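Chain residues, written in single-letter form:
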Amino acid sequence: MKIILANSYDEMSKKAAIILANQIILKPDSVLGLATGSTPVGTYQELIKLYDVGIVDFSNVITFNLDEYYGLSSEHEQSYSHYMRKILFERVNIELENTHIPSGVPEDIEKECLLYDTKIDSFGGIDLQILGIGSNGHIGFNEPNTRFQSMTHLVDLNYETIEANKRFFSDNEPVPQKAISMGIKGIMQAKKIVLLASGKGKADAVQKAVEGPITPEVPASILQLHADVTLILDKDAASQLQGAICKKSAS
Ligand code: GLP
């Protein structure tokens, strides 16, 4: 695992955007795996800045998002489809038909999951996967004790995750209890992975993922087995790491 330390959320976002931009410049038809949540918002903003000055061209980029809430249509304001359109897709020259997000309201859930994995394969797999991390170590919506062999599947969200997601929903709005998520095996099949983490709330999960045993109890710990993983951590997210990395200053 390669670990890049950043002094702040903004610096983490800039470093991540540079890696993404570089990927697209080197391979204009890159297949990107994208994440939602609050952590990558700054990264997408930085990427938009690079697009605005003509450094990045999204016209041939293909994207696959990690997950979607089960029960929310793509028009729902809290759906990840809506998030992606507002935060990134409508602000760059990506072709919307090149963007993929699992349907939150599929007619046949099993077919939808299988189709999603088949589509990723048909584009030759994901070149670069962006990940956030849940405070319980989840990646995508793969909660603790998800099988490492899992592909795209329907997930029962943990109490902790539902509570964390409540902040995005208004008071009387029900928070989804289920989601469709790319599986851990699907994520591990990406050629490169970049995981972003910011804030003290992620420090314990980051420490366990990087320095703890590889166990389904901490889904992100599987990343220790991937050949090309970069973690970009701000100081707070890195604050519980015990190894040499936590003593290095940010570069
Ligand atoms: C959700 C998303 C994950 C994300 C996580 C952390 O569970 N499905 O992809 O990594 O939240 O979110 P945040 O970045 O808002 O802390």
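From a predicted model like this one, the values you see are computed outputs, not experimental measurements. (Residues numbered from 1 in each chain as written. Predicted model: local features only at pLDDT ≥ 70, side-chain atom pairs only at ≥ 80, totals over all residues. Heavy atoms only, no water.)

## A closer look at the packing of aromatic side chains
A ring pair, where both rings are aromatic, is described by two values, the distance of the centres and the angle of the planes. Inspection of the entire model under this criterion finds eight aromatic pairs. Between the aromatic rings of F64 and Y116, the centroid separation amounts to 5.6 Å while the plane-to-plane angle is 75°, which identifies the pairing as edge-to-face. Taken together, the residues F64 in strand β3 (residues 62-65) and Y116 in helix α4 (residues 109-122) connect sequence positions 52 residues apart. By relative accessible area, which is 0% here, F64 ends up buried. What links up through ring pairs into an aromatic cluster is the set Y69, Y80, Y83, F141 and F169. (Phe/Tyr/Trp six-rings, centres within 6.5 Å; stacked < 30°, edge-to-face > 60°. Helix = DSSP H or I, 4+ residues; strand = E, 2+ residues; numbered from the N terminus. Buried < 20%, exposed > 50% of the residue type's maximum accessible area, 1.4 Å probe, protein only.)

## Some remarks on unusual backbone geometry
Its identity as a non-glycine residue notwithstanding, N145 has a phi of 75°, on the positive side. Structurally, the position occupied by N145 is in the loop between β6 (128-131) and β7 (153-156).

## Overview of the site of the ligand
Residues in contact with the ligand, as listed here, are G37, S38, T39, D67, Y80, G132, I133, H138, G140, F141, R167 and K202. Here T39 contributes a side-chain N or O atom positioned 2.4 Å from an oxygen atom of the ligand. Measuring from a nitrogen atom of the ligand, one finds a side-chain N or O atom of D67 at 2.8 Å. Protein burial of the ligand: of its 390 Å² of free accessible surface, 94% is covered by the chains. Of the pockets mapped on this structure, the ligand occupies the largest pocket. A class-by-class count of the residues in the shell around the ligand yields three nonpolar, six polar and three charged. (Near = heavy atom within 4 Å. Polar contact = N/O pair within 3.5 Å; in protein donor to acceptor, adjacent residues only side chain to side chain. Areas by Shrake-Rupley, 256 points an atom, 1.4 Å probe, with all protein chains shown as cover. 1 Å grid on protein atoms, 1.4 Å probe; cavity = no way out; pocket = protein on both sides within 12 Å on 5 of 7 lines; lining within 4 Å. Sits in = over half its atoms within 2 Å of the grid points. Nonpolar A, V, L, I, M, F, W, Y, C, P; charged D, E, K, R; others polar.)

## Points about the side chain of T39
Examined against the element boundaries, T39 turns out to sit in the loop between β2 (31-34) and α2 (41-52). With relative accessibility at 9%, the residue T39 sits in the buried group. Residues contacting T39, with those up to four places away along its chain left out, are Y9, M12, L196, A197, S198 and K202. (Contact = heavy atoms within 4.5 Å.)

## Some thoughts on the pattern of salt bridges
Scanning all chains against the criterion turns up nine salt bridges. K27 is the partner of D127 in a salt bridge, and the nearest nitrogen-oxygen pair spans 2.7 Å. A residue pair is termed long-range when its members are at least 10 positions apart, and D127 in the loop between α4 and β6 and K27 in the loop between α1 (9-26) and β2 qualify at 100 residues. Ionic pairing is found between K49 and E46, a salt bridge with its closest N-O pair at 3.1 Å. Taken together, the residues K49 and E46, both in helix α2 and three residues apart, mark about one turn of the helix. Here K49 falls in the partly exposed class, since its relative accessible area comes to 48%. The exposure class assigned to E46 is buried, which follows from its relative accessible area of 15%. A network of salt bridges, in which partner residues are shared, links K27, D127 and K191. (Salt bridge = Lys/Arg side-chain N within 4 Å of Asp/Glu carboxyl O.)

Read these as layout, nothing more, since geometry by itself doesn't imply function.
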